[in-house]
Amino acid sequence: MDGCIALVAFIVLLPLFFLTICVLFVVNRGSVFFTQLRPGLNGEIFRLIKFKTMNDRRNSNGELLPDAIRLTTTGAWVRKLSLDELPQLINVLKGDMALIGPRPLLIEYLPLYNIEQARRHNVRPGITGWAQVNGRNSISWEEKFKLDIWYVDNVTVLLDIKIIFNTIMKVFRREGISSNSSVSMEKFRGSKS
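Reading the values: the criteria
- In every chain, residue numbers begin from 1 and rise along the written sequence.
- Selection of residues for local features in this predicted model requires a pLDDT of at least 70, selection of side-chain atom pairs for listing and counting requires 80 or more, and totals for whole chains, interfaces and linings are taken over all residues.
- Side-chain metrics in this entry use all non-hydrogen atoms of the structure; hydrogen atoms and water are not considered.
- The term salt bridge refers to a side-chain nitrogen of Lys or Arg lying within 4 Å of a carboxyl oxygen of Asp or Glu.
- A run of DSSP states H or I qualifies as a helix once it reaches four residues; a run of E qualifies as a strand once it reaches two. Both are numbered from the N-terminal end.
- Burial classes: relative accessible area under 20% of the type maximum marks a residue as buried, over 50% as exposed, and values in between as partly exposed (1.4 Å probe, protein chains only).
- A residue's pLDDT is the confidence the predictor assigns to it, expressed on a 0 to 100 scale.
- Definition of nonpolar core: a set of buried residues of the types Ala, Val, Leu, Ile, Met, Phe, Trp, Tyr and Cys, connected through side-chain atoms within 4.5 Å.
- By definition, residues are in contact when any of their heavy atoms lie within 4.5 Å.

I keep staring at the pattern of salt bridges and nothing clicks. Help me out?
Between side chains of opposite charge, pairing is possible as soon as their charged atoms come close. In this structure the tally under the stated criterion is ten salt bridges. In this structure, Asp84 and Lys50 form a salt bridge, with 3.6 Å as the shortest nitrogen-oxygen distance. Placement of Asp84 in the loop between helix H4 (73–80) and helix H5 (88–94) and of Lys50 in strand S2 (residues 45–51) is noted, with a sequence separation of 34 residues between them. Given a relative accessible area of 15%, Lys50 falls into the buried group. We note a salt bridge from Lys94 to Asp96, for which the minimum N-O separation is 3.6 Å. Look at the salt bridges and you will find they share partners, linking Lys50, Asp84, Glu85 and Arg103 into a network.

In structure tokens:
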């Protein structure tokens, strides 16, 4: 079902997809997509696809500058409208992701999860999920993981429909895009307990 819905959504959103590609191609001087390896179902690694919203500026040591400095003006708008997530429909079509599920996080977080938090990988990661409609990047990692596990334990078609509806509302309201102290979410350093 995810694949069918993703295909229809991809076809319907194709004009928006191409418009975003054109704008980012000009602004980012040819660099349109951001890809990164992420853990999926059962921790299996896949390549996540997003639109690129940050430049690659580095300091004198060759390290990437902070997100707030690298986020472009156009990239900020792409994020506010959640257009950066559109290419993940391709991940859904490939079977790497579902439409709804815990967001796929960084590989480096895998050894930092406690046993309960690791259960978030018992389902496919999603483009949106229960944690996204209940705070997104404005809630703590602990709260986010509790919401992810609640979803894993309570997944139903009706819940997924509710999440889709709430996601649309969040996009229009532009809520929870950034954390309270960063333009993206701070890195997860491990559980406090």
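Still to come is the rest of the account.
In this structure, what is going on with the environment of Ile90? I would like to understand it.
In this structure, Ile90 sits in helix H5. Ile90 sits 67 residues away from Val157 along the chain, and the two C-alpha atoms are 22 Å apart.

It is not clear to me how the confidence of the model for the protein chain should be interpreted in this structure. Could you clarify?
Detailed reading of predicted coordinates is not advised where the pLDDT is low. In the predicted model, the protein chain carries a mean pLDDT of 92, and 94% of its residues have values of at least 70. Confidence, expressed as mean pLDDT per element, reaches its minimum in the protein chain at helix H3 (residues 67–70) with 90 and its maximum at S2 with 98.

Help me out: how do you make sense of the nonpolar core in this one?
A general tendency of soluble globular proteins is for nonpolar side chains to be buried together. Phe51, Leu89, Leu99, Trp130, Tyr151 and Ile163 are the most contacted members of the largest nonpolar core, which totals 28 residues. Mapped by element, the contributors of at least two residues to this core are helix H1 (2–12), helix H2 (14–27), S2, H5, strand S3 (98–100), helix H7 (141–154) and helix H8 (157–173). Excluding its chain neighbours within four sequence positions, the residues that come into contact with Tyr151 are Ile100, Gly101, Pro102, Val123, Trp130, Leu159, Asp160 and Ile163. Counting eight residues, the second-largest nonpolar core is a separate cluster that includes Leu105, Tyr113, Trp141 and Phe188.

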